[in-house]
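Summary of structural features
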Amino acid sequence: MKITEQLAKLIDVKSIVTLTMTLALIALLFSPVEPPKEVLALFCTSYGATITYFFTRNTNKEG
């Protein structure tokens, strides 16, 4: 597999969304700013749903 193919596979929507949301969660958890608990809970729920969707969906395109 060529380097360009591997790079293109790495930079897909799943990877971009996952990395962005992970970095945002880390920033929220370790920043000195205290977001409202409701906002943090909503973000964590969205993060969990997004990660679950991307890593459990069937990628085979049949039919």
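In the block above lies the structure referred to throughout.
Report follows, based on the coordinates.

The rules we used
- Residues numbered from 1 in each chain as written.
- Predicted model: local features only at pLDDT ≥ 70, side-chain atom pairs only at ≥ 80, totals over all residues.
- Heavy atoms only, no water.
- Helix = DSSP H or I, 4+ residues; strand = E, 2+ residues; numbered from the N terminus.
- Rg over C-alpha atoms; globule rule 2.2 N^0.38 Å.
- Buried < 20%, exposed > 50% of the residue type's maximum accessible area, 1.4 Å probe, protein only.
- Areas by Shrake-Rupley, 256 points an atom, 1.4 Å probe, with all protein chains shown as cover.
- Lys, Arg positive; Asp, Glu negative; His and termini not counted.
- Charge placed at Lys NZ, Arg CZ, Asp CG, Glu CD.
- Expected span 1.5 Å × (residues − 1).
- Arc of directions from axis to C-beta.

Brief notes about the overall build of the protein chain
What the protein chain contains, in helices and strands, is three helices and zero strands. Across the protein chain, helices and strands are ordered from the amino to the carboxyl terminus as α-α-α. For 63 residues, the compact-globule estimate of 2.2 N^0.38 gives 11 Å, and the C-alpha radius of gyration of the protein chain, at 15 Å, exceeds that figure by more than 25%. Over its C-alpha atoms, taken along the principal directions, the protein chain stretches across nearly 45 × 30 × 10 Å. Per-residue burial for the protein chain yields a buried fraction of 11% across its 63 residues. Carbon and sulfur atoms provide 68% of the accessible area of the protein chain, an area that totals close to 5500 Å². Distance between charge centres in the protein chain, computed from 6 positive and 5 negative side chains, equals 7 Å.

Observations concerning the environment of A27
Among the secondary structure elements, A27 is positioned in helix α2 (residues 13–30). The class of A27 is partly exposed, set by a relative accessible area of 44%.

Considering helix α3 (residues 37–56)
Between the first and last C-alpha of α3 there are 28 Å, a value that for 20 residues agrees with the 28 Å anticipated at 1.5 Å per step. For α3, the set of buried residues is Y47, T50 and F54. The arc that holds the buried residues of α3, viewed along the axis, is 70°, so those residues lie on one side. Relative to its buried face, α3 has exposed residues pointing more than 90 degrees away, namely K37, E38, L42, T45 and T56.

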